[in-house]
Amino acid sequence: MNVFKVGFIFSFLTIFLVNNLFAIPSIVEQSSTGNVLDISNSIPVMSCSFGVCAAQTNQTICLSTCNCSWSTTGCNCTSRVDGDPACQGQYITPDNSSIIYLASHSLLTSSDRITFFGDSITARLGYIKIINQTLNSYNITPTLINRGVSGATIKNIRDGHKGQPNFNTVLKDDNPTLVNIMIGINDVWHVPGPETSTVDEFTEILIDLVHRVQAFGAKVAISTVSVIGEQTNGQNGHDEELAQFADATRYVASITGAALSDVHAEYLLYGQLHNVYPPGVGLFSGILTWDGVHPCESPTVCPLDSNGNIILANTISKGLIKALNY
């Protein structure tokens, strides 16, 4: 079933077809392996405090060169002209419309329980905390359960890993009404071995996991892998294989009826638009991730952007909305 070998080309094209469906629950339970980080101050303030334009006192330069607004307080920037050195370092206004939609349209109640399966990207809690905070701000208080395990592969999620039980036991223990599965980075990133999977094995296991959730009676969404390196010219070492795994997840969604959030396509699109240092190549990290994989959690770590967790939370919210509307 090697239909995914054309994945790299397909995934690049998919970024132009990303569904922009308009898209934080109060109690967050975590597995014993979850590494909780306080990112309460990580949502960027939309200003030029990290950019050259923040110091602009010339109204014409502020409006034209920096593409910012002018007021009595000076030059106020919420966007930048990509590629213009004068505006490098300004925050990009992140899209959080799907998170807001999830919170504001009464799709969830306090009786809902959402289990998030994943690896260290999930275990670090960043995107789950953003979804949680937004839902709470609308007085929506479902239970969110973090089942991310650092270093986990899809076999580890199925069989259990680092103290987390196997998939069926977790479903029984968590009793979720909604499940999101985002896995696969470590199947690509780690040295091939008994715990990693080929793209064909990954596909078969993901189909099985989706069917288990459906048989349990919960709604299910699945997310494509993100990135291992942010360069935009296709020169990150794992780009082609990640594209194949992303295609596999899309395929599983299409044949099982699972809702899809296309994290891979969203990351590629964001990088094409905003990772312009230098243009046409981009940085390996520092835009959406601090190390090429894990989302930025503060402007101190990623002063150029630091919107990784917001983009991730918004994209995953799209899949949750689809699942709840099925």
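You'll find the structure just up there.
Residues numbered from 1 in each chain as written. Predicted model: local features only at pLDDT ≥ 70, side-chain atom pairs only at ≥ 80, totals over all residues. Heavy atoms only, no water.

## What about the overall build of the protein?
No. 1: What the protein contains, in helices and strands, is 12 helices and 8 strands.
No. 2: Looking at the protein as a whole, 55% of its 326 residues qualify as buried. (Helix = DSSP H or I, 4+ residues; strand = E, 2+ residues; numbered from the N terminus. Buried < 20%, exposed > 50% of the residue type's maximum accessible area, 1.4 Å probe, protein only.)

## Some remarks on the pairing of strand β5 (residues 143–148)
No. 1: Counting buried residues along β5, 6 of its 6 residues qualify, which places the element largely inside the surrounding structure.
No. 2: Residues Thr143, Ile145 and Arg147 of β5 are buried on one face, and the alternating residues Leu144, Asn146 and Gly148, pointing to the opposite face, are buried as well.
No. 3: The sheet contact formed by strand β4 (residues 113–118) and β5 spans 6 bridges and is parallel. Bridging across to β5, Phe116 finds its partner in Asn146. (Pairing = 2+ DSSP bridges.)

## Quick notes on helix α10 (residues 239–256)
No. 1: Taking 1.5 Å as the rise per residue, α10 with 18 residues should run 26 Å; its terminal C-alpha atoms sit 26 Å apart, in good agreement.
No. 2: By the criterion of burial, α10 is predominantly enclosed, with 13 of the 18 residues buried.
No. 3: Positive phi shows up at Gly257, right after α10, with a value of about 85°. (Expected span 1.5 Å × (residues − 1).)

## Considering the pattern of salt bridges
No. 1: Scanning the entire structure with this criterion turns up 6 salt bridges.
No. 2: Between Asp247 and Arg250 there is a salt bridge; the shortest N-O distance is 2.5 Å. Residue Asp247 and its partner Arg250 are located together in helix α10, separated by 3 residues, close to a single helical turn.
No. 3: Since its relative accessible area comes to 8%, Asp247 is described here as buried.
No. 4: For Arg250, a relative accessible area of 10% puts it in the buried group.
No. 5: Three or more residues are tied together by salt bridges with common partners; here these are Asp247, Arg250 and Asp262. (Salt bridge = Lys/Arg side-chain N within 4 Å of Asp/Glu carboxyl O.)

## Focus: the packing of aromatic side chains
No. 1: Evaluation of the coordinates by the stated rule reveals 3 aromatic pairs.
No. 2: Considering the side-chain rings of Phe116 and Tyr127, the 5.9 Å spacing of their centres and the 75° angle between planes classify their relative orientation as edge-to-face. Within this pair, whereas Phe116 is found in strand β4, its partner Tyr127 is found in helix α5 (residues 126–137), the two being separated by 11 residues in sequence.
No. 3: Residue class for Phe116 comes out buried when judged on its relative accessible area of 0%.
No. 4: Between the aromatic rings of Phe202 and Phe245, the centroid separation amounts to 4.9 Å while the plane-to-plane angle is 55°, which identifies the pairing as tilted. (Phe/Tyr/Trp six-rings, centres within 6.5 Å; stacked < 30°, edge-to-face > 60°.)

## Some details on helix α11 (residues 263–274)
No. 1: Helix length check: α11, at 12 residues, gives a terminal C-alpha distance of 16 Å against a target of 16 Å (1.5 Å per residue), a fit within 8%.
No. 2: Buried within α11 we find Val263, His264, Ala265, Glu266, Tyr267, Tyr270, Gly271 and His274.

## Quick notes on unusual backbone geometry
No. 1: Residue Asn139 is not a glycine yet carries a positive backbone phi of 60°.
No. 2: Along the chain, Asn139 falls in the loop between α5 and β5.
No. 3: Non-glycine residue Asn175 carries a positive phi angle of around 50°.

Shape is all these values report; function is a separate question.
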